[in-house]
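Now for the letters of each chain:
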Amino acid sequence: MEKNQKIWNRRFILLFLTNLLVLAAFYASIPIIPIYCQEIGITGSRVGIVLTAMSVATILFRPVAGYPLDNFNRYRVYLLFLALFCLSFPAFIAFPLFGALIVIRLYMGAVYSVCGSATMTLAGDVLPPTKITEGISRFAFTVSIGMAVGPYVGLQVQSHMSSKASFLTIFGITVLAFICVSCCRIKYPKVQRKKFSLRDSIYGPALPFMFNMMFLMIPYGAVIAYSSILAQEKSLSAYLPYFYICLVVGMLVSKLSTQKMIDAGHHRVLVYLSLVILILTMISYLFLSTGVHLLAAGFFFGLGYGILQPLFQSFVTGTTPAPKRGVANATYMLSYDVGIGIGSLLMGFMQESLGLPVGFALTAIAYGIGAIVYVVYVDHYYRKLRLA
């Protein structure tokens, strides 16, 4: 028993590192791609098309991602798709053409839709049944940290290297992730395959969590996409790299200070607390004028999401039978794709008409809607699933 427990722990840690590296690499590429596009002569709206292509592909393919995970050997599926994901970064260098970059981004979206769902599913499989909720709340922390560390890494790499060297550096990070997961060697029994059906590509019980988190991710999409522009407008660009550091610190503090409450099942209090913190943080952007304020906003933003993201992921994985975790996670992860996409799109409109400070403050309305959805339905729904 003790030997088996050590194996679970080793595999869980390796998967934790893998997911952290993959997410850091993915989000590190976001600030690099627009600069690379300008360097090779792609400007204006065409840069936006290149960036948006991946979001479109991810949203389209995410529902399909659950099928290979639930009907084939999950470990081998992840190895294959992670290897394919690694190849996308040198492809940027090999094919520096507008049409080719759109194809590469579409390819990234399709491949990443499987990778993003697979690690969470594998982590749930290697955990003992009695530890799934606690373990996944810890594992989902990789999503929060990866989304915060990635842009910081991208900005630092871009400022010290050429764009081509930056893509090769990110490629190296993904190769390291591939090595980590190759050491897991997770064995699965043969799976009885079902015929693919669009109806089965969405896991119904995960939809309330997906719908709720979708609203909570709208302000996140706005902040991640437009913080650099806001910093330029306020002459605070020198503070921007430290904004992401404060974001990570906030997430670490939230994890260290609230994990015992999560393990004890005090979910409702934590959701309310994080939403109050996030609403006040977004409203404070109306008065943003100093570097200290920007760093404080990053810290409290990280504090709120360091609670919410792992918590909602544990709701999904902890209430889903093992054979359905692939499609359940794929369904839930749509909330990130859609929410971040809506946030980026809305801020694009509000930047011109209202300005970024007002736009950021208005996104707090999405937190209010998310809070209503949670109080009216999701909280009771989760407790009902747990009892069942």
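As the structure is a computational prediction, the values presented were derived from the model and not from experiment.

### Quick word on the overall build of the protein
Inference 1: When helices and strands are counted, the protein shows 14 helices and 0 strands.
Inference 2: Traced from its N-terminal end to its C-terminal end, the protein shows the element sequence α-α-α-α-α-α-α-α-α-α-α-α-α-α.
Inference 3: Computed over the C-alpha atoms, the radius of gyration of the protein is 20 Å, within 12% of the 21 Å expected from 2.2 N^0.38 for a compact globule of 388 residues.
Inference 4: Based on the C-alpha atoms only, the size of the protein along its principal axes is roughly 60 × 50 × 40 Å.
Inference 5: Considering only residue pairs separated by 6 or more positions, the protein has 86% of its internal contacts joining residues 24 or more positions apart.
Inference 6: Positive and negative side-chain charges of the protein, numbering 28 and 11 respectively, have mean locations separated by a distance of 10 Å.

### Details of the environment of Tyr-374
Inference 1: The topology assignment puts Tyr-374 in helix 14 (residues 364–387).
Inference 2: Judged by relative accessible area, Tyr-374 falls into the buried class, the value being 2%.
Inference 3: For the pair formed by Tyr-374 and Asn-212, sequence separation is 162 residues and the distance between their alpha carbons is 6.7 Å.

### Concerning the nonpolar core
Inference 1: Of all hydrophobic cores here, the largest spans 113 residues; its most connected members are Phe-85, Tyr-220, Tyr-285, Phe-301, Phe-312, Phe-360 and Tyr-367.
Inference 2: Look past the residues within four positions of Tyr-220 in its chain and what remains in contact with it is Ser-144, Met-147, Ala-148, Leu-247, Met-251, Phe-301, Tyr-305, Gln-309 and Ile-340.

### Comments concerning a nonpolar patch on the surface
Inference 1: Together, Ile-283, Leu-286, Phe-287, Leu-354, Val-358, Leu-362, Ile-365 and Ile-369 make up a nonpolar patch on the protein surface, roughly 680 Å² of accessible area in all.
Inference 2: For the nonpolar patch, the secondary structure elements donating two or more residues are helix 13 (356–362) and helix 14.
Inference 3: Tracing the backbone through its elements, the reader meets Val-358 in helix 13.
Inference 4: Taking the relative accessible area as the measure of exposure, Val-358 reaches 31% and is therefore partly exposed.

### Comments concerning the pattern of salt bridges
Inference 1: A complete count under the given rule lists 3 salt bridges for this structure.
Inference 2: With its nearest N and O atoms 2.8 Å apart, the salt bridge here joins Asp-379 to Arg-268. You can see Asp-379 sitting in helix 14 and its partner Arg-268 sitting in helix 10 (residues 267–284), a full 111 residues away along the chain.
Inference 3: Asp-379 gets classed as buried once you look at its relative accessible area, which sits at 7%.
Inference 4: By relative accessible area, Arg-268 is classed as partly exposed at 35%.
Inference 5: Between Asp-379 and Arg-383 there is a salt bridge; the shortest N-O distance is 3.1 Å. Separated by 4 residues within a single helix, Asp-379 and Arg-383 lie in helix 14, roughly one turn from each other.

### Structural notes on the packing of aromatic side chains
Inference 1: This model, assessed by the stated rule, comprises 25 aromatic pairs.
Inference 2: Note on Phe-92 and Phe-167: the rings are 4.7 Å apart at their centroids and 0° apart in plane angle, and the pair reads as stacked. In this pair, Phe-92 is assigned in helix 3 (residues 74–94) and Phe-167 in helix 7 (residues 163–182), connecting sequence segments 75 residues apart.
Inference 3: The class for Phe-92 is buried, based on a relative accessible area of 1%.
Inference 4: Here Phe-167 falls in the buried class, since its relative accessible area comes to 0%.
Inference 5: For the ring pair Tyr-305 and Tyr-367, a centre distance of 6.4 Å and an interplane angle of 55° mean the geometry is tilted. Taken as a pair, Tyr-305 in helix 11 (residues 291–318) and Tyr-367 in helix 14 lie far apart in primary sequence, 62 residues in all.
Inference 6: In this structure Tyr-367 comes out as buried when scored by relative accessible area, which is 0%.
Inference 7: Members of the aromatic cluster, connected to one another through ring pairs, are Phe-209, Tyr-272, Phe-312, Phe-315, Tyr-374, Tyr-377, Tyr-381 and Tyr-382.

### Observations concerning the side chain of Thr-331
Inference 1: If you trace the backbone, Thr-331 turns up in helix 12 (residues 325–353).
Inference 2: Judged by its relative accessible area of 0%, Thr-331 falls in the buried class.
Inference 3: Leave out the neighbours within four places in its chain, and Thr-331 touches Ser-201, Ile-202, Tyr-203, Ala-206, Leu-207 and Met-210.

### Looking at the packing of helix 8 (residues 207–233) against helix 11
Inference 1: Following both chains from N to C, one finds helix 8 and helix 11 inclined at 155°, their axes separated by 11 Å at the closest point. Accordingly, the angle class assigned to the pair helix 8 and helix 11 is roughly antiparallel. Crossing of helix 8 over helix 11 shows left-handed handedness. On the side of helix 8, the interface is formed by Phe-209, Asn-212, Met-213, Leu-216, Met-217, Pro-219, Tyr-220 and Val-223, while helix 11 contributes Phe-301, Tyr-305, Leu-308, Gln-309, Phe-312, Phe-315 and Val-316.
Inference 2: Residue composition of the contact of helix 8 with helix 11, grouped by class: 13 nonpolar, 2 polar and no charged.

### Quick notes on helix 12
Inference 1: Its 29 residues give helix 12 an end-to-end C-alpha distance of 43 Å, which sits within 8% of 42 Å, the value for a rise of 1.5 Å per residue.
Inference 2: One or two positions beyond helix 12, positive phi appears at Gly-355, with a value near 95°.

### Looking at the side chain of Ser-29
Inference 1: Among the secondary structure elements, Ser-29 is positioned in helix 1 (residues 2–39).
Inference 2: Once residues within four sequence positions are removed from consideration, Ser-29 is found in contact with Phe-89 and Ile-170.

### Some words on helix 8
Inference 1: In this model, helix 8 (27 residues) spans 39 Å end to end at C-alpha, consistent with the 39 Å of a helix rising 1.5 Å per residue.
Inference 2: Along helix 8, the sharpest change in direction is near 55° and occurs at Tyr-226.
Inference 3: Counting buried positions along helix 8 gives 20 out of 27 residues, so the element sits mostly inside the fold.
Inference 4: Phi for Ser-235, located one or two positions after helix 8, is positive at around 55°.

Reading the values: rules and limits
Residues numbered from 1 in each chain as written. Predicted model: local features only at pLDDT ≥ 70, side-chain atom pairs only at ≥ 80, totals over all residues. Heavy atoms only, no water. Helix = DSSP H or I, 4+ residues; strand = E, 2+ residues; numbered from the N terminus. Rg over C-alpha atoms; globule rule 2.2 N^0.38 Å. Contact = heavy atoms within 4.5 Å. Lys, Arg positive; Asp, Glu negative; His and termini not counted. Charge placed at Lys NZ, Arg CZ, Asp CG, Glu CD. Buried < 20%, exposed > 50% of the residue type's maximum accessible area, 1.4 Å probe, protein only. Core = buried A, V, L, I, M, F, W, Y, C linked by side-chain atoms within 4.5 Å. Patch = residues over 30% accessible without salt bridge, like charges linked within 9 Å, V, L, I, M, F, W, Y side chains within 5 Å. Areas by Shrake-Rupley, 256 points an atom, 1.4 Å probe, with all protein chains shown as cover. Salt bridge = Lys/Arg side-chain N within 4 Å of Asp/Glu carboxyl O. Phe/Tyr/Trp six-rings, centres within 6.5 Å; stacked < 30°, edge-to-face > 60°. Axes fitted to C-alpha atoms, helices over the stretch in contact; angles between N-to-C directions. Parallel < 35°, antiparallel > 145°, perpendicular 65-115°, else oblique. Left-handed = near helix turned anticlockwise from the far one by under 90°. Nonpolar A, V, L, I, M, F, W, Y, C, P; charged D, E, K, R; others polar. Expected span 1.5 Å × (residues − 1). Bend = angle between axes of the 7 residues up to and from the residue.

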